[in-house]
Every structure is written in C-alpha cells, then in structure tokens.
Amino acid sequence: MSLTELMYRRRSIRKFTEEAISAEEIKELKRAALCAPTSKNCKSWEFVFITNAEVIKSLSECKDAGAQFLEGAKLVVAVLANTSKTDVWIEDASIAATFIQLQAESLGLGSCWTQIRERGFEDGRKASDIVCKIVNAPADCVVECLIGIGHKGQERSTYSDERLPWEQVHDEKF
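Right, let's walk through the structure included here. None of the values given here were measured: they were computed from a predicted structure.

**A few points about the overall build of the chain**
Per the secondary structure count, the chain includes five helices and four strands. Listed N to C, the secondary structure of the chain is α-α-β-α-β-α-β-α-β in terms of helices and strands. For 174 residues, the compact-globule estimate of 2.2 N^0.38 gives 16 Å, and the chain sits close to it at 17 Å. The C-alpha extent of the chain, read off along each of the three principal axes, is 45 × 40 × 35 Å. Here the chain, with 174 residues, has 41% of them falling under the buried criterion. Considering only contacts within the chain whose residues lie at least 6 apart along the sequence, 80% involve residues at least 24 apart. Summed over its atoms, the accessible surface of the chain is roughly 10000 Å², and 50% of this surface lies on carbon and sulfur atoms.

This is the structure we're talking about:
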C-alpha cells in the first residue's frame, strides 16, 4: 500500500474490539515512534506504552471531555516531550504521534489522538499534570497527547480526492 493510500484510509477510530494487540504489533508501533524526526535530532519525545486496563481507565478520566473513549482501547500511547531539550517540542511530539497513527493503520489497527496539552478541568487541574503523575513522568516532561489504539470496532469511509478541501491549498501566494 502506498503512503497516499495509507493516509486516505487512516481515520479516527474511537470504538475498539476486545481483541488484544500482539507484542509484535506493539514493537512495530514503538519502532515507528522512534523513527520520527526531531528538530536538530534532539529526540525530545518520550513515549509510554500502556496496556494495563486499570491504568488506561485512569487515563480516560484525565480531562473533562474527549478522553473517555480511551477506556475501550487495548493500548494507549502517551506522547510526551522533554521541554528542556528544545523549544519546538510540540512539533517533535506531534510528528511522532502521526508516525504512530500511520503505523497503526498500516497494521490494520484503529487509533485516535486525544489532546492533552492545554486541556484539563474547569477547576484548573491540567490533564498533562494528571497524566504525568499516572505514568510517573519526570518533572521536565509534558504530555502532548494520548493515542488510543485497538482493533477497529467501527468502520469509517476513506478520504478521496473529491472530499479534500483543495480550496485551502495555494500555489505561489495565498
């Protein structure tokens, strides 16, 4: 499958089956994460791969909205960054998250990103702080996102050229 076909197929999946993810699939996801480029090759990203259902449930409760679907995932990847390594850690972590999601799709798995950075609860508790505590991350790390991964429990239509917003692409000038 070409990269274009893979990108057209990858859609956010929030419903997963009960089927476990194999150790080999998890290894492939880790490999993809570690291949992601970083600014000046500083490798500011860090990853925590979580399969423990109790921990995943705790992660699904880390913010007011948008993380509940994680409870049904068989794997959650916390994508963190060491902010002392670079000022572009957001970009580094985001690229890595994309690599993980594309690899998941190539393995026939579904995935969905849930934003953690700058999210939390109305009372001021920050999702990143909550997740860092759950995964025991060091003080110089922050969480960009959590990615729920599992065997697809729903099907979504693929992208096509006709559905793409071509009007948002500009040549030479805006």
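**Things to note about the packing of aromatic side chains**
Within the structure shown, the criterion is met by one aromatic pair. Arranged with centres 5.3 Å apart and planes meeting at 35°, the rings of Trp45 and Phe47 form a pair that is tilted. The same class applies to Trp45 as to Phe47, namely buried. Above the face of the Tyr159 ring, Arg11 is positioned so that its terminal group lies 4.5 Å from the ring centre. The aromatic ring of Phe121 is capped on one face by Arg125, whose charged end is 4.0 Å from the ring centroid.

**Looking at the layout of surface pockets**
If you add up the space inside the largest pocket, you get close to 190 Å³. Lining the largest pocket are 14 residues, and of these Arg117, Glu118, Arg119, Lys126 and Ser128 lie nearest its centre. Listing elements by their share of the lining of the largest pocket, those giving two or more residues are α5 (127-135) and β4 (141-151). Grouping the constituent residues of the lining of the largest pocket by class yields five nonpolar, three polar and six charged.

**Focus on helix α2 (residues 23-35)**
A turn of α-helix holds 3.6 residues, and therefore any two residues three or four places apart point the same way. With 13 residues, α2 should reach 18 Å at 1.5 Å per residue; the first-to-last C-alpha distance of 19 Å fits that figure. Considering only its buried residues, α2 is in contact with β1 (45-50), β2 (75-82), α4 (89-106), β3 (109-115) and β4.

**Structural notes on the environment of Phe69**
Looking at where Phe69 falls in the secondary structure, it is placed in the loop between α3 (53-59) and β2. Look at Phe69 and you get buried, because its relative accessible area is 13%. Residues Phe69 and Gly148, 79 residues apart in the sequence, show an inter-C-alpha distance of 7.8 Å. Those residues in contact with Phe69 that lie beyond four places of it in its chain are Arg14, Phe16, Cys112, Thr114 and Gly148.

**Here's the deal with α5**
Along α5, the positions that sit buried rather than exposed are Ala127, Ser128, Val131, Cys132 and Val135. Here the buried residues of α5 occupy an arc of 130° about the axis, which is enough to place them on one side. Turned more than 90 degrees away from the buried face of α5, the exposed residues are Asp129 and Lys133. Those residues of α5 hidden inside the fold are in contact with β1, α3, β2 and β4. Directly after α5, the chain includes Asn136, whose backbone phi takes a positive value near 60°.

**Considerations on the pattern of salt bridges**
Taken as a whole and judged by the stated rule, the model has eight salt bridges. Arg9 is the salt-bridge partner of Glu105, the closest N and O atoms lying 3.2 Å from each other. Placement of the pair is Glu105 in helix α4 and Arg9 in helix α1 (residues 3-9), with a sequence separation of 96 residues. Using a relative accessible area of 2% as the deciding quantity, one classes Glu105 as buried. Linking Glu144 and Arg117 is a salt bridge whose minimum nitrogen-to-oxygen distance equals 3.0 Å. Here the residue Glu144 occupies a position in strand β4, and Arg117 occupies one in the loop between β3 and α5, the gap between them amounting to 27 residues.

Analysis parameters
Residues numbered from 1 in each chain as written. Predicted model: local features only at pLDDT ≥ 70, side-chain atom pairs only at ≥ 80, totals over all residues. Heavy atoms only, no water. Helix = DSSP H or I, 4+ residues; strand = E, 2+ residues; numbered from the N terminus. Rg over C-alpha atoms; globule rule 2.2 N^0.38 Å. Buried < 20%, exposed > 50% of the residue type's maximum accessible area, 1.4 Å probe, protein only. Contact = heavy atoms within 4.5 Å. Areas by Shrake-Rupley, 256 points an atom, 1.4 Å probe, with all protein chains shown as cover. Phe/Tyr/Trp six-rings, centres within 6.5 Å; stacked < 30°, edge-to-face > 60°. Lys NZ or Arg CZ within 6 Å of the ring centre and 35° of its normal. 1 Å grid on protein atoms, 1.4 Å probe; cavity = no way out; pocket = protein on both sides within 12 Å on 5 of 7 lines; lining within 4 Å. Points joined across faces, edges and corners; volume = space filled by probe spheres on them. Nonpolar A, V, L, I, M, F, W, Y, C, P; charged D, E, K, R; others polar. Expected span 1.5 Å × (residues − 1). Arc of directions from axis to C-beta. Salt bridge = Lys/Arg side-chain N within 4 Å of Asp/Glu carboxyl O.

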